[in-house]
Structures are given as C-alpha cells and as structure tokens.
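Coordinate inspection notes
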Amino acid sequence: MLKATGIRKSYGNLQILKGVNFEVQKGEIVSIIGPSGAGKSTLLHILGTLDKPDSGSVELKGTVINKLVGDMVGVFRNQNIGFVFQFHHLLPEFSAIENICIPAFIAKVNKKQAETRALELLDLLGLKDRGQHKPNQLSGGEQQRVAIARALINNPSIIFADEPSGNLDSENAAGLHQLFVTLRDNFNQTFVIVTHNEHLARTSDRVVSMKDGLIV
Ligand code: ADP
Ligand code: ADP
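In what follows, the accompanying structure is described. Model, not experiment: these values are computed from the prediction.

About the criteria used
- Residues numbered from 1 in each chain as written.
- Chains lettered and ligands numbered in written order.
- Predicted model: local features only at pLDDT ≥ 70, side-chain atom pairs only at ≥ 80, totals over all residues.
- Heavy atoms only, no water.
- Helix = DSSP H or I, 4+ residues; strand = E, 2+ residues; numbered from the N terminus.
- Rg over C-alpha atoms; globule rule 2.2 N^0.38 Å.
- Buried < 20%, exposed > 50% of the residue type's maximum accessible area, 1.4 Å probe, protein only.
- Contact = heavy atoms within 4.5 Å.
- Areas by Shrake-Rupley, 256 points an atom, 1.4 Å probe, with all protein chains shown as cover.
- Lys, Arg positive; Asp, Glu negative; His and termini not counted.
- Charge placed at Lys NZ, Arg CZ, Asp CG, Glu CD.
- Near = heavy atom within 4 Å.
- Polar contact = N/O pair within 3.5 Å; in protein donor to acceptor, adjacent residues only side chain to side chain.
- Nonpolar A, V, L, I, M, F, W, Y, C, P; charged D, E, K, R; others polar.
- Salt bridge = Lys/Arg side-chain N within 4 Å of Asp/Glu carboxyl O.

Turning our eyes to something else, we now look at the overall build of the protein. The helix and strand tally for the protein stands at seven helices and 10 strands. For 216 residues, the compact-globule formula gives about 17 Å, and the C-alpha radius of gyration of the protein, at 17 Å, lands near that figure. Structurally, the protein occupies a C-alpha span of about 50 × 40 × 30 Å along its principal axes. Burial analysis of the protein (216 residues in total) assigns 49% to the buried set. Looking at the protein alone, contacts between residues at least 24 apart form 71% of all its contacts between residues at least 6 apart. Roughly 10,500 Å² of accessible area belongs to the protein as shown, and the carbon and sulfur atoms make up 50% of that amount. Here the protein carries 23 positive and 21 negative side-chain charges, and the mean point of each set is 5 Å from the other.

Below is the structure:
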C-alpha cells in the first residue's frame, strides 16, 4: 500500500529524518512510537503529502506522491488519504454531519450522496443521534469519532493519525484504538498511528520505534 524509501528531511542545519525506510501493507495497523523530537510527526506529514522530503520517495498505491505538483497534491490527498490529529480541528459553527461531509464536497460528491454516507458513518461509529450537534455539544471522545468519520468519508486508502488519543482519558483512548481495529477488521482499512502510548500501540499489528530521525 505504502512504501517510503530513503526519506531525508532537514530544517535549516538540523537533520530531522536521516534516511527512513518504511512500508505498510493494505489492512495493516502500524503504530510509530518514540521520544518527543524523534521525527514522528515530520515523517507522518511527509507520508501524507502535507510536507515534502529533501530526498527519497514515497509511493502510495503505485503513485510517487512526492513527485506530485501543484493542485494534484491536494486532489490526490483528498481522494486517497485521511487524517486524524490530536486536536480534532472540527469547524465549530458546523454540525457533525456538515463537518463529516466537507472532504466529500471538496471532491464534488453531491450533497445527498455525501449526507447518506455521513449518516452511515455516524451509525457505524455509534453517533447516530449526534449528527445535528455542533462540536462543542459533543464529548471529547465523540468529537474525535466525528473527526474519524470525516477522515473516512472519501474511502481513503490509508489513514494517518497523529496522537489521536493524546487528548482523551484512558477509557476513551482505549475505545478509539479499538475502533481502529474494528475498521480494519470490517473494511480492511489501513492505519498509520503516531502515539506516545505504548500500551495502546500494542493493539496494532506492528509497532515501529523511531529515535533521532531513524527507525530503530
Ligand atoms: P516528534 O513527532 O517525534 O515529536 P517532530 O517530527 O514533531 O518529532 O519534530 C522533530 C524535530 O523537528 C523537532 O526538533 C522539531 O522542533 C523540529 N521541527 C518539526 N517541524 C519543524 C519545522 N517546520 N521547522 C523547523 N523545525 C521543525
Ligand atoms: P507534536 O509534538 O504533536 O509532534 P509539535 O509541537 O512538534 O507537535 O509540532 C506542531 C507543529 O509545529 C507541526 O506542524 C510542526 O511541523 C511545527 N513545528 C514544530 N517544531 C517547529 C519549529 N522548531 N519551527 C517551526 N515549526 C515547528
């Protein structure tokens, strides 16, 4: 599904990634752990087309994504990649359903079709009666599940999650990681998750450890 080879990235004189090789199979849940500053977020951003490596290549489903230019980057990202962040970044003035539909609208899916899919996802994620709620009317765990529904709406090949449970209590954090497993089991969904929580990382198929810009 994903193959990254020889990824290097520096900010100024600071070498952040020093030649990272990384592969993910379809339907695999991979956790990336390691100390703060190891380069985990930087790697995730590069794998997800949010940033470009100085050298090396990232291939997602046969497309060399670091070679995409201009508008193609955003189009490819919106159609193939889902993101979940520590802070959900839901738009406060929009309802849960409206937030979930945003990536579908960007992909020019019609409103009816997008809303039907959003309702299916709400149901699947245990949020059936929360569709009309605004983010501030939802609990932290519910907000994060809405963010996951938004990441899922365009049926992405892969979901990148950066500390998705970092802002949740331990019960909600465990529930969120269990949800990733359920989505993998039912839909063969692929995940790459950066987490500080080694206990939760154990729910993945594989744990990758980073230190000083390398996978160790
Ligand atoms: P981790 O996610 O493992 O904590 P990061 O990838 O966030 O590590 O950061 C690795 C290092 O890169 C840190 O020292 C951070 O300050 C630096 N860094 C990250 N992004 C930038 C940036 N845009 N400009 C300069 N330095 C950055
Ligand atoms: P995390 O610890 O969750 O990885 P960070 O605080 O490292 O988050 O980074 C948050 C954001 O700030 C990221 O988008 C990262 O690229 C950027 N960033 C981190 N360190 C620096 C830096 N030294 N200079 C500029 N941007 C940075």
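Our focus in this paragraph is the site of ligand 1. Around ligand 1, the neighbouring residues are Tyr11, Ile16, Pro35, Ser36, Gly37, Ala38, Gly39, Lys40, Ser41 and Thr42. Within the backbone of Gly39, a nitrogen or oxygen atom sits 3.0 Å from an oxygen atom of ligand 1. Here an oxygen atom of ligand 1 sits 2.8 Å away from a polar atom, N or O, in the side chain of Lys40. Coverage of ligand 1 by the protein chains reaches 57% of its 570 Å² of free accessible surface. Among the elements that make up the shell around ligand 1, the one with the highest residue count is helix α1 (residues 40-47) (three residues). Considered class by class, the residues forming the shell around ligand 1 number four nonpolar, five polar and one charged.

Turning our eyes to something else, we now look at the pattern of salt bridges. When the charged atoms of two side chains lie near each other, side chains of opposite charge can form a pair. Throughout the structure, instances matching the rule amount to 10 salt bridges. The partner of Glu115 in a salt bridge is Lys111, with the nearest N and O atoms 3.2 Å apart. Linking Glu115 with Lys111, this pair stays in helix α4 (residues 111-124), spanning four residues, or about one helical turn. Residue Glu115 is classed as partly exposed on the basis of its relative accessible area, which comes to 27%. For Lys111, a relative accessible area of 54% puts it in the exposed group.

From the geometry alone we can't say anything about function, so treat these as descriptive.
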